[in-house]
Amino acid sequence: MTGTSRGVRVLLTGGTGFVGKVVLSELVRRRHELGLEEVYVVIRPRGRRTAGHRFEKEVASSPCFERLESGWTELCHPVTGDITQHDLGLADEEAERLQQRVTHVIHCAASVQFDLSLGAAARANITGALNVLAFAQRCVAVPRLVAVSTAYVTPHPGADVPIVESLVAPPFDADAVYAAILDGSADEPALLSAARQPNTYTLTKCIAEVLLSQRRGDVPLTIVRPSIISACRRFPFPGWIDSRAAYAAFVALLGAGYLRAVKVDLDVRADIVPCDDVADRILACAFDPRQQQPMIVRHAVAGRDQTATFDDLSRHQLYFQAHPHERPARLRYRGKSAFLFRVNELLYHSMPLRVAGFVARLRKQRGEQKRIRRVQDALRSLDSGFHYFRHLDFDFQSSFPPLEGFDVRSYIQTVSAGISQHLLKRDPRVAPLQMHGMDAAWALRQPHGNLVSRALAYCMRKVIRLAGIEITFDEMAIEAALRETGPDDVLVLAPTHRSYMDFMVTSLLCFAHPGIGLRLPRVAATDDFAHIPFVGHVLKAAGAFFIRRGAGKPDPALNEKLGTLVSEGHSLAFYPEGMRSRSRRFRPAKRGVLRAVQGTGRSAVVLPLSITYDRVAEESGFLRELEGGPRHTGRLVQLARWVGDLMRGRVQMGRIHIRCGAPLPLDASTDVRELSRDLMAALQKNTVATSFHLRAFCAAHANANIDLRALRSEIERRGGMVLDSGLEGAYEVPDQIRRTFDAQWMHLFYDDAMKRFGDEWAVRAHVRRNGFWVAPRVAGDNLLSHQVVTALFTPIIHDYSRVASEVNTFPADGLTVSEVLRRLPGSFQRDVEDAMDELLDSGVLERDGDVFRPVTAPLSDSRNPGSGPGARARSPIDFGALASSFTEDQ
């Protein structure tokens, strides 16, 4: 297809609609091919919203255009108009200017409502089309007019009778009927019956086609007849849709869990065509020389060989069962029996909605009442308006070739995903973990899991409710990762380890959403759990197996266990960091399980899962440890105490989010050390923050006046992600716990920190020890990033300096980290650990188990007055000189 020799200037109507947006997007995307110079988009003002405002808010801001090159709107000119008015409602000067310039007219505007009155439908679909034709006739260049109609203007001709691309001859004079419609004397039921049309939409489109052909004069005219238009399959991207009309209403009601009964002939084929293919055919009719005839009709359809039966369309239900919304998708009845349909419609549509509406009225919930009425109206409209299309087969013939690369089954998935995301507003990047129905019934209904795992899921559901937990997960990333996994690969889940609940959260995701393809894994847990009464037996029965932590060498028992599990076809899960991170910062991965999996000889795929918590269940125990107290360990009495707090409403954990990184292959040739680094980089990269974490940070640094929105913007600009949290009480978080929140996002500012504090040994050491993934460098610099970096790293520099000074006062027999923390109240545990490890690596300290001792040298008594004979003294450490001697690659 090639453009014309002179510049192409297109007048487009219906640009705010679904088809119009996709046509506009394709015009701009293919502008060089078409020779496009300008597009005039006729938009009707609405209330106080001008055409320009509507273009900006309803068109340019649409996701339909987000993948176009920047500056694309310079090609587009919104024009104030109304197609139901003479000269399209344009001002005289504007109409004259456009008639001098326009070379092509594409008329997409229409009303696709099936239940409009005949007069309203005629104004939109007949009057509008004739006014567009009249405008084109006054254009100097005599532009080609492409008018979008519908393939269903042809009354059903009978079973297996082809429908050709020709005008329909109605059994009446179109001009006379149009005049009768305008003066209100037309008999709507009689006209529908005489024309054998199912509704006012197809009737008025049929009349419009006839009148356009009769009145076109010298204007070249193409009528494009799409069948059932649905989501795009290629452009602007797969699944894009923003219209609930027609077929989309059926899928949306099913996906939302409201459509439970439908009267349909399951053997009937539905000709569903992607919107971008319709747009492609519209542009072909406008620009392709092979389509340039004075008057032609073209079907923009999938064709009989590329259609699905309504029985095949039950795959939509399978999709929504695997990707559930707030209500489960479940068709209780689908068939031709009027009696059975009415019974099921009463049981699953009418009665539940009436009860819900009654309860909403009692509670004076006006918003809920409106929502229920909208659902009731949509179900009624679906039943009455679509009966014709669900019971009759149409065999549309088309001059266009079959859709290239079109597979109807995969397209059903695309439509489902698009409607789920764009109409039902389910973001697959933050999909809610859904658990429909009563707790016990839900746990027993899931397809996988033994009695113990079902009981744990039941208990976890109670915990979620009592602790105010909202669990979301990155469904899109998980499914993308699984698509890269071979059917014979061993799947190894590798979550971050921040809480004992990691085991439950990961398993619950697999248990509650089997449709995404994650099987319940066998989880490698430390053998500490095996010794806890009752708990160890429960975890083992639920699928855990126990390993020795910190062996530091191959473990034959582990190798044998993993070999058995892999041979039995199990997926695996392990925590690469080993123990839970009290500080939420990352540590180098333990490689024992990875080497054992490699030793099985099977190819495997490691799936990094970053789990984010607003607050963790062990927070109080971690706080004691962070302040120098004893290590928090799992004990039955602690669990019982926590459950008691939970039952009394003292536990509020907020949001939990699971985000997946790219899959990492593991086979015999893999360098496990390198794989472990890549794994930790992926876990850190995909760690997210919540608004709760950021509020806590801003509250702690109130003097810096760091704006929450601006901070969020800076995090996202660096490739990070911030999720909204409904958790309150940020000001009540102890500072030691609050500092752990910073680890959710501070790695995104490591480059900024090195620019600002690169000469500080503490900052270089921190970044080297904690920076597994390097965030992309952002252009420019601003005051906010300086404020944020200063707030993040000043406490770290301070803690390192305190440790360095304290080393001079260490007793000869040394100190543990906990003892140092007690001597330096307010210091952050992880910074103290890192500083002491740095001094250990530099030779200032030596280590014996958990005890750190200074490396000392004998000094004379004169340099240490008051010391006894044979006493060993230490020279004070010049920390500044020591720091300057370190290099970044140490």
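Just above, that's the structure.
Values in this document were obtained by computation on a predicted structure and should not be read as measured data.

Quick notes on the rules
Residues numbered from 1 in each chain as written. Predicted model: local features only at pLDDT ≥ 70, side-chain atom pairs only at ≥ 80, totals over all residues. Heavy atoms only, no water. Helix = DSSP H or I, 4+ residues; strand = E, 2+ residues; numbered from the N terminus. Buried < 20%, exposed > 50% of the residue type's maximum accessible area, 1.4 Å probe, protein only. Areas by Shrake-Rupley, 256 points an atom, 1.4 Å probe, with all protein chains shown as cover. Lys, Arg positive; Asp, Glu negative; His and termini not counted. Charge placed at Lys NZ, Arg CZ, Asp CG, Glu CD. Salt bridge = Lys/Arg side-chain N within 4 Å of Asp/Glu carboxyl O. Core = buried A, V, L, I, M, F, W, Y, C linked by side-chain atoms within 4.5 Å. Contact = heavy atoms within 4.5 Å. Phe/Tyr/Trp six-rings, centres within 6.5 Å; stacked < 30°, edge-to-face > 60°. Expected span 1.5 Å × (residues − 1). Polar contact = N/O pair within 3.5 Å; in protein donor to acceptor, adjacent residues only side chain to side chain. Pairing = 2+ DSSP bridges. Right-handed = clockwise from strand over helix to strand, strands pointing away.

Novice: Explain the overall build of the protein chain to me, please; I cannot follow it from the model alone.
Specialist: A count of helices and strands for the protein chain gives 34 helices and 28 strands. When the 890 residues of the protein chain are sorted by exposure, 56% land in the buried category. If you sum the accessible surface of the protein chain, you get close to 39100 Å²; carbon and sulfur atoms cover 51% of it. Looking at the protein chain, you have 112 positive and 101 negative side-chain charges, and the mean spots of the two groups are 5 Å apart.

Novice: Quick question: what am I supposed to make of the pattern of salt bridges here?
Specialist: Between side chains of opposite charge, pairing is possible as soon as their charged atoms come close. Going through the model one piece at a time under the given rule, you end up with 60 salt bridges. D175 serves as the salt-bridge partner of R215, at 2.5 Å between the closest nitrogen and oxygen. Taken together, the residues span a long stretch of sequence, with R215 in helix α8 (residues 200–215) and D175 in helix α6 (residues 174–183) at a distance of 40 residues. Across the pair R769 and E838 runs a salt bridge, and its minimum N-O distance is 2.6 Å. Here R769, found in helix α30 (residues 761–770), pairs with E838, found in helix α33 (residues 829–842); they are 69 residues apart in sequence, far enough to count as distant. For R769, a relative accessible area of 23% gives the class partly exposed. With a relative accessible area of 4%, E838 lands in the buried category. Beyond isolated ion pairs, a larger network of salt bridges with shared partners links R9, E37, E38 and R101.

Novice: What exactly am I supposed to notice about the nonpolar core here?
Specialist: Nonpolar side chains tend to gather and get buried jointly when the protein is soluble and globular. Counting residues in each nonpolar core, the largest one holds 95 residues, and the members touching the most others are V23, L24, L27, I106, I282 and I419. Ignoring any residue separated from it by four or fewer positions in sequence, one finds I282 in contact with V19, V23, I106, V146, V148 and V224. If you look at the next biggest cluster of nonpolar residues, it comprises 56 residues, including V463, I469, A573 and I611.

Novice: I would appreciate a short explanation of the packing of aromatic side chains in the present structure.
Specialist: Here a ring pair, both rings aromatic, is described through the centre-centre distance and the interplanar angle of the planes. Here the structure, examined in full by the defined rule, presents 23 aromatic pairs. Considering the side-chain rings of Y152 and F396, the 5.2 Å spacing of their centres and the 90° angle between planes classify their relative orientation as edge-to-face. One end of the pair, Y152, is in the loop between β5 (144–148) and β6 (162–163); the other, F396, is in strand β15 (residues 395–396), with 244 residues separating them in the sequence. Just as Y152 is buried, F396 falls in that class too. Ring centres of Y500 and F529 lie 5.1 Å apart, and the angle between their planes is 75°; on these two criteria the pair is classed as edge-to-face. In this pair, Y500 is assigned in the loop between β18 (490–495) and α19 (501–512) and F529 in the loop between β19 (522–526) and α20 (535–542), connecting sequence segments 29 residues apart. A relative accessible area of 15% means that F529 is categorised as buried. Chaining the aromatic ring pairs together yields one cluster made of F114, Y152, Y201, F386, Y388, F389, F394 and F396.

Novice: Would you mind going over unusual backbone geometry with me for this structure?
Specialist: For residues that are not glycine, phi is negative in most cases, and the peptide bond is trans in most cases. The omega torsion across F235 and P236 is -5°, close enough to zero to call that bond cis. Within the secondary structure layout, P236 lies in the loop between β8 (228–230) and α9 (247–255). For V142, which is not a glycine, the phi torsion comes out positive at approximately 45°. The topology assignment puts V142 in the loop between α5 (118–137) and β5. V142 gets classed as partly exposed once you look at its relative accessible area, which sits at 38%.

Novice: Quick question: what am I supposed to make of helix α25 (residues 672–685) here?
Specialist: Working note: α-helix, 3.6 residues per turn, so residues spaced by three or four point in the same direction. In this model, α25 (14 residues) spans 20 Å end to end at C-alpha, consistent with the 20 Å of a helix rising 1.5 Å per residue. Listed in full, the buried residues belonging to α25 are V672, L675, S676, L679, M680, A681, A682, L683 and Q684. Measuring from the backbone nitrogen of R673 back to the side-chain oxygen at the start of α25 gives 3.0 Å, which picks out D671 as the cap.

Novice: Explain the pairing of β5 here, please?
Specialist: Regular strands place side chains that alternate from one sheet face to the opposite one. Among the 5 residues that make up β5, 5 are buried, leaving the element largely enclosed by the rest of the structure. The sheet contact formed by strand β4 (residues 104–107) and β5 spans 4 bridges and is parallel. When the bridges of β5 are listed, V105 appears paired with L145. With respect to chirality, the unit in which β4 leads through α5 into the neighbouring parallel β5 is right-handed.

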